[in-house]
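Listed below are the residues making up each chain.
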Amino acid sequence: METSLLYPVTNDQRTDQKLDGLWRFKFDETKQGAKAGWETGFHDGVSMPVPASFNDFFTDKDSREYTGDFWYSRKFFVPSAAKGKALFLRFDAVTHRATIFVNGKEIRSHEGGFLPFAADISSAVHYGAENTVVVKGNNELSREALPAGDTITLRNGKKMVRPFFDFYNYSGLNRSVHLLTLPQERVLDYTTTFELNGQDATVNYTVTTNGDAPVTVSLADADGQVVATAQGKEGALQVKNAHLWQVRNAYLYTLTIQVGDDAETPVDTYTDRIGIRTIRISGTNILVNDKPIYLKGFGRHEDSPFAGRAFDLNVEKKDFALMKWIGANSFRTSHYPYDEQVYKIADEEGFLLTDEVPAVGFKMAAAAFLGGLNQSFFKGPWLKKLHERHIDQIRDLVKRDKNHPSVLAWSLFNEPDTVDENAVPYFKQIFDESKDLDPQSRPRTFTLSEDDTIETSKVLDFPDFYMLNRYPGWYHFGGHQISDGEAGLRDEMDKWQKAGVTKPVVFTEFGADTEAGLHKLPSVMWTEEYQVEVLKMFSRVFDDYDFIKGEQVWNLADFQTVEGNMRVNGNKKGIFTRDRQPKEAAFFYHDRWNKLPLDY
Ligand code: GCB
């Protein structure tokens, strides 16, 4: 687990300088980099933008599909003024693993391609001088790591990934790199929980620092007026006439933490924006501020042309504009934690998100979709290492995102094989170990694939609400058979109802691949007309069952996938194209969702 995952800020005690831009880049197919001294820096190779996935910049297939070690190098200047400060490089994400070198000295390694880590570089830098940072990355997949897959070697000696999931294995420095100067004694972390008392609210907080200096915490409203202050590393802020953070009607307060005796010259200051709201599951209701809500929105991907899985503020801005226009109020960060800026925008815009760890591909039948493997995923020598990494990433995810008002729930798996008895001990361990991580005790859940039903799944006791991924009308009962698809879906919902379902059910995936611009009357599969028919069919079913508390269609936009005979240059279930233009289905949801009340 990382010591501190606070998002970088700049103030009198802290600086944050981004090291984005062009780095030098090389593949290391024969693992010669270490012997050749690449860790001290290099000027050859090619230039490579950061943040970006390297893949789509190459015009030859071997490079785009490259699997193995790759290296990035650049120079950066450390000013003399940084002397005496704590000095870190923060990587917002390197996919999937990295070792960091500064001036040739190995600083640290990190596993997991979608969460940040910081490297303390103070022992390796020269002050008032240029320094060199080198990142040795690796993008191989295995059953011991998240997300799960295999790496195979072709007969020509080249390595290739076989993911047990469909999104493309975009790799590299996908998010920003920061040079941070921090005070030696500083805030490492903080937590908040909320109690609503009539018009007023209590914000309970804890602050973790690495020293003994006293802590003062204050809360300012959106106009910058301080509304409450408290002393100590633990305490409560009383807020009169609190403005609550509401779904699609957000209100953010600014929390300021000061360390030190003297308010004029604090040892450290950390500032963040928080929202006062509560989240609770009660029976089949999801309650925000004790009021029931209905989720409307999407499963998404961080995916766009050119830079692949890189975080791009422009794409994100556009995606939020589209989600607002269409009447959505929520999304799932399928199938991995997104860039922290996504959560900040969601906080501001009042979106609820289900925050997912990259525990995807925990099912050999998903590998079957890509070629066929008939084994138990939850039984094998890889489980011990996998479990260590899985819980480690859940810990870091919760640590990173726990103060965002937009985070509704934690998704601990996507479509694991829960029909397999062997899954039960693994689930028990993950749910036991993650129980007390979140001070706000948000719901924990995971998605159930079509194989995992109320009759077959062995782990239905674990989630606080159910997330169902269902594809009648597409993977089965497609085209003219769609009426049987609807009947089958209703049969399944009737079974949940008869069993007396006591928790909310949210549909987190459903949809149909659709080639934008393809039309036919009457419809056939892949046309825009057919996608609307499938989505209308699902809407009819959702409208008939009260325990269904949300619909998150797959996917907001078309996205790049592995190659295969099930995909035409990507997954085309987007309501928008990959360049974010609407398909016919966008207008259907614009109509439906803008009319549905929040407590539908
Ligand atoms: C699923 C997966 C998702 C795929 C989707 C599909 O069940 O969770 O990652 O993209 O199906 O379109 O097949």
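Residues numbered from 1 in each chain as written. Predicted model: local features only at pLDDT ≥ 70, side-chain atom pairs only at ≥ 80, totals over all residues. Heavy atoms only, no water.

*Asks:* Which residues make up the domain arrangement of the protein, and what values do they have?
*Replies:* Per the domain assignment, the segments making up the protein are domain 1 (20-175), domain 2 (187-274) and domain 3 (280-595). Inter-centroid distance (C-alpha atoms) of domain 2 to domain 3 is 34 Å. Taken residue by residue, the interface counts 18 residues in domain 2 and 21 residues in domain 3. Surface buried jointly by domain 2 and domain 3 totals about 1600 Å² across both partners, of which 55% is contributed by carbon and sulfur atoms. Three residues, W245, V247 and R248, lead the burial of domain 2 against domain 3; their summed loss comes to 42% of the area buried on that side. Our enumeration of links across domain 2 and domain 3 arrives at three salt bridges. Taking the shortest distance from any N to any O, the salt bridge between K402 and D189 comes out at 2.8 Å. Those elements giving two or more residues to the side of domain 2 that touches domain 3 turn out to be β13 (187-197) and β19 (268-274). Here the side of domain 2 that touches domain 3 takes seven residues from β13, the largest share from any one element. Taken together, the residues that form the side of domain 2 that touches domain 3 break down as nine nonpolar, five polar and four charged. (Domains from an automatic or database assignment. Contact = heavy atoms within 4.5 Å. Buried area = accessible area lost by both parts, 1.4 Å probe. Salt bridge = Lys/Arg side-chain N within 4 Å of Asp/Glu carboxyl O. Helix = DSSP H or I, 4+ residues; strand = E, 2+ residues; numbered from the N terminus. Nonpolar A, V, L, I, M, F, W, Y, C, P; charged D, E, K, R; others polar.)

*Asks:* Go over empty space enclosed by the protein, please, and point to the residues and values.
*Replies:* Rolling a probe over the atoms, with the probe sized like a water molecule, indicates the empty space that remains. One pass over the structure, following the stated rule, counts four cavities of 30 Å³ or more. Of the pockets and cavities examined, the largest cavity occupies roughly 170 Å³. If you trace the largest cavity, you find 18 residues lining it, with Y7, D272, R400, N403 and H404 closest to the centre. Counting only elements with at least two residues in the lining of the largest cavity, the list comes to β13, β19, α3 (340-349) and α5 (383-401). Considering each element in turn, the lining of the largest cavity owes the most residues, four residues, to β19. Split by domain, the lining of the largest cavity shows at least three residues from each of two domains, domain 2 (187-274) and domain 3 (280-595). Counted as a void, the second largest cavity has a volume near 90 Å³. Around the second largest cavity, the lining is made up of 13 residues, and of these E302, D303, A310, V315 and E316 lie nearest the centre. (1 Å grid on protein atoms, 1.4 Å probe; cavity = no way out; pocket = protein on both sides within 12 Å on 5 of 7 lines; lining within 4 Å. Points joined across faces, edges and corners; volume = space filled by probe spheres on them.)

*Asks:* Lay out the site of the ligand with the relevant residues and their values.
*Replies:* Close contacts around the ligand come from 13 residues, with H335, E415, Y475, E509 and K573 the closest. Side-chain polar atom of K573 to an oxygen atom of the ligand: 2.5 Å apart, as the coordinates give it. In the complex, 90% of the free accessible area of the ligand, which totals 320 Å², lies under the protein chains. (Near = heavy atom within 4 Å. Polar contact = N/O pair within 3.5 Å; in protein donor to acceptor, adjacent residues only side chain to side chain. Areas by Shrake-Rupley, 256 points an atom, 1.4 Å probe, with all protein chains shown as cover.)

*Asks:* Let's hear about the sheet that holds strand β9 (residues 129-138): which residues, and what values?
*Replies:* Reading across from one edge, β3-β2-β4-β9-β6-β7 is the order of the six strands in this open sheet, with antiparallel pairing throughout. Where the open sheet ends on each side, the last strands, each with one partner, are β3 (46-50) and β7 (105-111). When the angles between neighbouring strand axes are averaged without regard to direction, this sheet yields 30°. (Pairing = 2+ DSSP bridges. Axes fitted to C-alpha atoms, helices over the stretch in contact; angles between N-to-C directions.)

*Asks:* Can you lay out the packing of helix α7 (residues 482-498) against helix α8 (residues 528-544) for me, pointing to particular residues and giving the numbers?
*Replies:* It is at 11 Å that the axes of α7 and α8 come closest, and there the two elements cross at 25°. Classified by the angle between their axes, α7 and α8 sit roughly parallel to one another. Relative to α8, α7 is oriented so that their crossing is right-handed. In this structure, α7 uses I482, G485, E486, L489, R490 and M493 to contact α8, whose residues at the interface are Y530, E533, V534, M537, F538, R540, V541 and D544. By residue class, the composition of the contact of α7 with α8 is eight nonpolar, one polar and five charged. (Parallel < 35°, antiparallel > 145°, perpendicular 65-115°, else oblique. Left-handed = near helix turned anticlockwise from the far one by under 90°.)

*Asks:* Give a detailed account of the nonpolar core, specifying residues and quantitative values.
*Replies:* Judged by nonpolar contacts, the single largest core of 91 residues is most densely connected at F362, F413, F507 and I575. Broken down by element, this core gets its largest block of residues, eight residues, from α8. Two domains share this core, each providing at least three of its residues, namely domain 1 (20-175) and domain 3 (280-595). Setting aside anything within four residues of it in sequence, one finds F413 in contact with E356, A359, F362, F378, H390, Y426, F427, I430, F431, T445, F446 and T447. Judged by nonpolar contacts, the second largest core, of 31 residues, contains L19, Y72, A119 and V177. (Core = buried A, V, L, I, M, F, W, Y, C linked by side-chain atoms within 4.5 Å. Buried < 20%, exposed > 50% of the residue type's maximum accessible area, 1.4 Å probe, protein only.)

*Asks:* Account for the pairing of β7, naming residues and giving values.
*Replies:* By the bridge criterion, six bridges tie strand β6 (residues 97-102) to β7 in an arrangement that is antiparallel. Across the sheet, R97 pairs through a bridge with E111, a residue of β7. From the end of β6 to the start of β7, which pair antiparallel, there are two residues, and N103 there has a positive phi angle of about 50°.

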